Amino acid sequence: MSILDFTVVVGVVSFVAGLLGSLTGLGGGVVLVPLLTILFHVDIRYAIGASLVSVIATSSGAAAAYVKEGFSNIRIGMFLEIATTFGALCGAFLATRIPTSALTLIFGFVLLYSAYLSRKPRLAAQRSLPPDPLATRLRMNGHFPDAGGMRQYNVQHVPTGFSLMFGAGALSGLLGIGSGAVKVLAMDQAMRIPFKVSTTTSNFMIGVTAAASAGVYLSRGYVDPGLAMPVMLGVLAGSLLGTRILVKAETKSLRLVFSVVILVLGLQMLYKGFLGKI
Amino acid sequence: MPSLKLPQPATSPIPPQPWGDRRLEVTLGNLLRTGVLLSAAVVLVGACVYLRRHAHEAADYRVFQGEPSEFRTIPGVIRSVIHGRGRGLIQLGLLFLIATPIARVAFSIAGFAIERDWMYVGFTVIVLLVLLYSLLGSGIG
């Protein structure tokens, strides 16, 4: 394939991944690496480098739109970023040391987990939980706009959330993804932060987390300009369009389709990883 | 059963989210978007130069070779931009992109300092140090 054809095709695929990722809220980064390695036979290290860069672009590009809605909580985000950035740094160093077949296997498991999580019914809305002393000291409790005016929420289980966030950061650094799935697990399930607050705050955190491992990837030569260019531009354009039409679109069936895609890609990655054919 | 008596959570003595937060977040959100659009523009210009010169060569990413040092370090990238190389420009745009969230963290320090929230100034400084260590300690400086 010539460089021109390759750039155009990868750009279009990345655009679709970014669009679907933002429409379904499942993130485009998680399908990019398997698509690049399975469809285009790109070495997984180049794919991870390009995906990581695109993750920074989508997170930062969408931040302005999310902030306007008034859901994100900058203190929760900043505190948990201590855990995610440390994790990302560890993950990135680990990525340069473990064999690519192991990376592929881990990627497969993360995809299966994301597919499972996307089918799982959302946790019921948080009902007035008592304030947690640690979360209160850390000034994490906040308000968010709801149908009946401003609603208050009290954050729970800070240490559990913090440890899970370290894991999310490590996966992000290891695989070049936003690891939104683990972040939702930490914020939604463990810390009992309302869904809208946790998704928007997590989006805010993804860019910073990815920036922590980007330096390591760049210096190790994982970021190829010829590959990262169409991926970054495509995903960015797709996700920006996605946030624009999000309000009007019917996403339920789209979510189902996308989670099946994630499931199939996950199985493919496991198969490839087990055979060591990567 | 304390929950029976507590239909609404008790308000904490410190207001959990001061009013300044909203303004800070909006400013930071706009900063991020500007950074991303700027870096996308640089990448796009680099893409045009790169594609004009190399469009008909074969694309091959099957075997990992690692990038040459001109695309792996900041001085190397700047040198290749000066030589008018398209891929150098793309890498420069990507460096801007990586710098964008780091700038956001740096600005947050100022924001928390204005609110006199020294605890969060401390947390944010830790995050910034990890980011700078990753960027400079990994040898791309």
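Residues numbered from 1 in each chain as written. Chains lettered and ligands numbered in written order. Predicted model: local features only at pLDDT ≥ 70, side-chain atom pairs only at ≥ 80, totals over all residues.

K.L.:
Can you break down the overall build of chain A residue by residue, with the values?
P.N.:
Counting its regular elements, chain A contains eleven helices and two strands. Counting from the amino terminus, helix and strand elements in chain A follow one another as α-α-α-α-α-α-β-β-α-α-α-α-α. For chain A, whose C-alpha radius of gyration is 18 Å, the value lies close to the compact-globule estimate of 19 Å for 278 residues. Seen through its principal axes, chain A has C-alpha atoms that stretch 60 × 40 × 30 Å. A burial count over chain A gives 61% of its 278 residues as buried. Contacts spanning at least 24 positions in sequence make up 81% of the contacts within chain A whose residues lie at least 6 apart. (Helix = DSSP H or I, 4+ residues; strand = E, 2+ residues; numbered from the N terminus. Rg over C-alpha atoms; globule rule 2.2 N^0.38 Å. Buried ≥ 20, exposed ≤ 12 C-beta atoms within 10 Å, placed from the backbone. Contact = placed C-beta atoms within 7 Å.)

K.L.:
Please set out unusual backbone geometry residue by residue, giving values where relevant.
P.N.:
Residues and elements named next belong to chain A. Positive phi, close to 55°, is recorded for Arg 139, a residue that is not glycine. Turning to its location among the elements, Arg 139 is positioned in the loop between helix H6 (133–137) and strand E1 (142–146). One non-glycine residue, His 157, adopts positive backbone phi at about 40°. Tracing the backbone through its elements, the reader meets His 157 in the loop between strand E2 (149–153) and helix H7 (158–175).

K.L.:
Describe the confidence of the model for chain A, and please don't skip the residues or the numbers.
P.N.:
Detailed conclusions should not be drawn from predicted coordinates in areas where pLDDT is low. Taken over all residues, the pLDDT of chain A has a mean of 87, while the share at 70 or more is 94%. The least confident element of chain A, judged by mean pLDDT, is E1(A) at 79; the most confident is H7(A) at 94. (pLDDT = per-residue confidence, 0-100.)

K.L.:
Now, about the environment of Ser39(B): what can you tell me, with residues and values included?
P.N.:
All names here are of chain B. Mapped onto the secondary structure, Ser 39 falls in helix H2 (residues 20–54). Judged by the 26 C-beta atoms lying within 10 Å of it, Ser 39 falls in the buried class. Along the primary structure Ser 39 and Gln 91 are separated by 52 residues, whereas in three dimensions their C-alpha atoms are 9.7 Å apart. Not counting residues up to four positions away in its chain, the partners in contact with Ser 39 are Gly 93, Leu 94, Phe 96, Leu 97 and Thr 100.

K.L.:
Go over the interface of chain A and chain B with me, naming the residues and quoting the values.
P.N.:
Each side of the interface is counted separately: chain A has 63 residues, and chain B has 64 residues. Among the elements of the structure, helix H1 (3–24), helix H3 (44–69), helix H4 (74–95), E1, helix H9 (195–219) and helix H10 (225–245) of chain A are those that each provide at least two residues to the side of chain A that touches chain B. Among the residues making up the side of chain A that touches chain B, the classes are represented as 35 nonpolar, 21 polar and seven charged. (Nonpolar A, V, L, I, M, F, W, Y, C, P; charged D, E, K, R; others polar.)

K.L.:
Lay out the nonpolar core in plain terms, naming residues and giving numbers.
P.N.:
In terms of nonpolar packing, the biggest core is built from 122 residues, with Val53(A) and Met232(A) touching the most fellow members. The element contributing the most residues to this core is H3(A), with 13 residues. (Core = buried A, V, L, I, M, F, W, Y, C linked by C-beta atoms within 7 Å.)

K.L.:
Outline H9(A), supporting the account with residue identities and numerical values.
P.N.:
Residues and elements named next belong to chain A. An ideal rise of 1.5 Å per residue puts 36 Å on 25 residues; H9 measures up with 37 Å between its terminal C-alpha atoms. Maximal helix bending in H9 amounts to about 35°, located at Ser 213. Buried residues dominate H9, accounting for 23 of its 25 residues. Where H9 ends, the next residue or the one after it, Gly 221, has phi of about 80°, a positive value. (Expected span 1.5 Å × (residues − 1). Bend = angle between axes of the 7 residues up to and from the residue.)

K.L.:
Go over the confidence of the model for chain B with me, naming the residues and quoting the values.
P.N.:
Residues and elements named next belong to chain B. Per-residue confidence for chain B gives a mean pLDDT of 83, with 83% of residues at or over 70. Looking across chain B, the model is least confident in helix H1 (residues 2–5), with a mean pLDDT of 42, and most confident in helix H5 (residues 118–137), with 93. Under a pLDDT of 50 for its full length, residues 1–16 has, in the predicted model, 18 contacts with residues more than four places off or in other chains. For this predicted complex, the interface confidence score (ipTM) comes to 0.90, while the overall pTM stands at 0.88.

K.L.:
Requested: an account of helix H8 (residues 180–190) of chain A, with residues and values cited.
P.N.:
Residues and elements named next belong to chain A. By the criterion of burial, H8 is predominantly enclosed, with nine of the eleven residues buried. What H8 keeps buried is the set Gly 180, Ala 181, Val 182, Lys 183, Val 184, Leu 185, Ala 186, Met 187 and Asp 188. Against helix H5 (100–119), H7 and H9 lie the buried residues of H8. Following H8 by one or two positions, Arg 192 adopts a phi angle in the positive range, close to 60°.

K.L.:
Describe the pairing of E1(A), naming the residues involved and giving the relevant values.
P.N.:
Bridge count between E1(A) and E2(A): five bridges; the pairing is antiparallel. Following the sheet pairing, Asp146(A) is matched in E2(A) by Gly149(A). (Pairing = 2+ DSSP bridges.)

K.L.:
Run through the packing of helix H2 (residues 29–39) of chain A against helix H11 (residues 252–275) of chain A, naming residues and quoting values.
P.N.:
All names here are of chain A. For the pair H2 and H11, the least separation of the axes is 10 Å and the interaxial angle reads 50°. In terms of their interaxial angle, H2 and H11 are classed as oblique. Our pair here, H2 against H11, has a crossing hand that is left-handed. Across the interface between the two elements, Val 30, Val 31, Pro 34 and Ile 38 of H2 pack against Val 261, Ile 262, Leu 265, Gln 268 and Met 269 of H11. Of the residues that constitute the contact of H2 with H11, the class distribution is eight nonpolar, one polar and no charged. (Axes fitted to C-alpha atoms, helices over the stretch in contact; angles between N-to-C directions. Parallel < 35°, antiparallel > 145°, perpendicular 65-115°, else oblique. Left-handed = near helix turned anticlockwise from the far one by under 90°.)

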